Amino acid sequence: MKHLGLLLLFPVIIPALISGKTISRNDRNSNKDSNIIITSPENETENTNPDTCNVVFIPGSLNGKIQKAYYFKTTDLSDKPLLVSLHTWSGDYSQADPLAIFAIRNNWNYIHPDFQGPNLTKDACLSKIALKDIDNAIQYAIDQGSVDRENIFVTGVSGGGYATIGYYMKGKQPVKAFLAWASITDLASWYWQSINRENKYASDILKCTSYDEKLNIRETPDTGLILPALIWPRNE
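Here the structure is a predicted model, which is why all the values come from computation and not from measurement.

Details of the nonpolar core
Next, step 1: Ranked by size, the top nonpolar core spans 36 residues in total, and within it Trp89 and Ile138 carry the most contacts.
Next, step 2: Mapped by element, the contributors of at least two residues to this core are strand 4 (54-58), strand 5 (67-72), strand 6 (80-86), helix 2 (128-143), strand 8 (147-157), helix 3 (159-170), helix 4 (187-197) and helix 5 (201-209).
Next, step 3: Looking at this core, the element that brings in the most residues is helix 2, giving seven residues.
Next, step 4: The next biggest cluster of nonpolar side chains, apart from the first, holds 16 residues, and it includes Leu83, Tyr93, Tyr110 and Trp181.

Below is the structure:
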């Protein structure tokens, strides 16, 4: 599905989205501007796994597993934005996420899905299964009610940025904007870089893409991105 949402790519991590300033968007269905006010917490060392988030269990994974997610539903009677925060390469749904605090303080809906957990298996790493899990997590939040469907945001950093770009390209839910921070964009280049740096990520990439010790990946068709082509595992 081709998205109409805005894709924003940030090569480094900067607190632009959560700066406490006003973000304005132009409503495509009217001539009015609608403003979303974002405030930042006074104490930046607050617990990033707040008790007000609940662990929820989401069915529908293509491999039959039940997906876990941290979820917060707005207490406002009117519809509020939904922030979908995607975990990093080695993380899962339980990874500490400072964006949970910002969502709760602004009374937004928030979900932090597992989408097959760390990228150590072929079911993870932007597989059809992982992408479907993100679809299901967004649908779960929508089904709970009070979601402004014109203001759904997907964001992530590093491996979460990689997942954000992949969901921009292949996701099925309507999303206003995708914010990818310090993203992985080329698994092949990252594999060889990891070999040279002698870190664990080369092994992780092999677990996601290969049935032996040989790198086994392919490029997608031209995406039009002003980046090296995003790399997908062979099993896709």
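Read on for the rest.
Notes on unusual backbone geometry
Next, step 1: Backbone geometry at Cys125 places phi at a positive 55°, although glycine is not the residue there.
Next, step 2: Here Cys125 lies in the loop between strand 7 (109-113) and helix 2.
Next, step 3: On the accessibility criterion, Cys125 (1% relative accessible area) is buried.

Concerning the packing of helix 2 against helix 3
Next, step 1: Here helix 2 crosses helix 3 at 80°, and the two axes come no closer than 10 Å. The orientation of helix 2 relative to helix 3 falls into the category roughly perpendicular. In contact with Leu131, Ile134, Asp135 and Ile138 of helix 2, helix 3 contributes Gly166, Tyr167 and Lys170.
Next, step 2: For the contact of helix 2 with helix 3, a count of residues per class yields four nonpolar, one polar and two charged.

Examining the pattern of salt bridges
Next, step 1: What the rule picks out here adds up to two salt bridges.
Next, step 2: Asp76 is the salt-bridge partner of Lys80, the closest N and O atoms lying 3.8 Å from each other.
Next, step 3: A salt bridge links Lys200 to Asp204; its shortest N-O distance comes to 2.6 Å.
Next, step 4: Judged by relative accessible area, which is 4%, Asp204 ranks as buried.

Some remarks on the pairing of strand 9 (residues 177-181)
Next, step 1: Counting buried residues along strand 9, five of its five residues qualify, which places the element largely inside the surrounding structure.
Next, step 2: The alternating pattern of strand 9 places Ala177, Leu179 and Trp181 on one face and Phe178 and Ala180 on the opposite face, and all of these are buried.
Next, step 3: Where strand 8 meets strand 9, five bridges bridge the pair, whose relative direction is parallel. Directly across from Gly156, in strand 9, lies its bridge partner Ala180.
Next, step 4: In this region the chain leaves strand 8, passes through helix 3 and returns to the parallel neighbour strand 9; the handedness of that crossover is right-handed.

Thoughts on the packing of aromatic side chains
Next, step 1: Overall, the coordinates contain nine aromatic pairs when judged by the stated rule.
Next, step 2: Pairing Trp89 with Trp190 gives two aromatic rings, centres 4.9 Å apart and planes at 90°, and the pair type is edge-to-face. You can see Trp89 sitting in the loop between strand 6 and helix 1 (99-105) and its partner Trp190 sitting in helix 4, a full 101 residues away along the chain.
Next, step 3: By relative accessible area, which is 15% here, Trp190 ends up buried.
Next, step 4: A centroid spacing of 5.1 Å and a plane angle of 80° characterise the contact between Tyr168 and Phe178, whose relative ring orientation is edge-to-face. With a gap of 10 residues between them, Tyr168 in helix 3 and Phe178 in strand 9 connect regions that are remote in the sequence.
Next, step 5: We classify Tyr168 as partly exposed; its relative accessible area is 22%.
Next, step 6: Ring-pair connections join several aromatic residues into one group, and the members of that group are Trp89, Tyr162, Trp190 and Tyr201.

Observations concerning helix 4
Since the α-helix packs 3.6 residues into each turn, any two residues three or four apart lie on the same face.
Next, step 1: Within helix 4, burial applies to Leu187, Trp190, Tyr191 and Ser194. For helix 4, the buried positions fall inside an angular range of 105° around the axis, keeping them on one side. Opposite its buried face, helix 4 presents the exposed residues Trp192 and Asn196, each directed more than 90 degrees away.
Next, step 2: For helix 4, the capping residue at the N-terminal end is Asp186, with a side-chain oxygen 3.1 Å from the backbone nitrogen of Ala188.
Next, step 3: Looking one or two places after helix 4, you find Glu198, whose phi comes out positive at around 55°.

Quick word on the environment of Asp148
Next, step 1: Tracing the chain through its elements places Asp148 in strand 8.
Next, step 2: Engagement of the side chain of Asp148 in a polar contact is seen with the side chain of Asn151, the distance being 2.8 Å.

So, how was this worked out
- Residues numbered from 1 in each chain as written.
- Predicted model: local features only at pLDDT ≥ 70, side-chain atom pairs only at ≥ 80, totals over all residues.
- Heavy atoms only, no water.
- Core = buried A, V, L, I, M, F, W, Y, C linked by side-chain atoms within 4.5 Å.
- Buried < 20%, exposed > 50% of the residue type's maximum accessible area, 1.4 Å probe, protein only.
- Helix = DSSP H or I, 4+ residues; strand = E, 2+ residues; numbered from the N terminus.
- Axes fitted to C-alpha atoms, helices over the stretch in contact; angles between N-to-C directions.
- Parallel < 35°, antiparallel > 145°, perpendicular 65-115°, else oblique.
- Contact = heavy atoms within 4.5 Å.
- Nonpolar A, V, L, I, M, F, W, Y, C, P; charged D, E, K, R; others polar.
- Salt bridge = Lys/Arg side-chain N within 4 Å of Asp/Glu carboxyl O.
- Pairing = 2+ DSSP bridges.
- Right-handed = clockwise from strand over helix to strand, strands pointing away.
- Phe/Tyr/Trp six-rings, centres within 6.5 Å; stacked < 30°, edge-to-face > 60°.
- Arc of directions from axis to C-beta.
- Polar contact = N/O pair within 3.5 Å; in protein donor to acceptor, adjacent residues only side chain to side chain.

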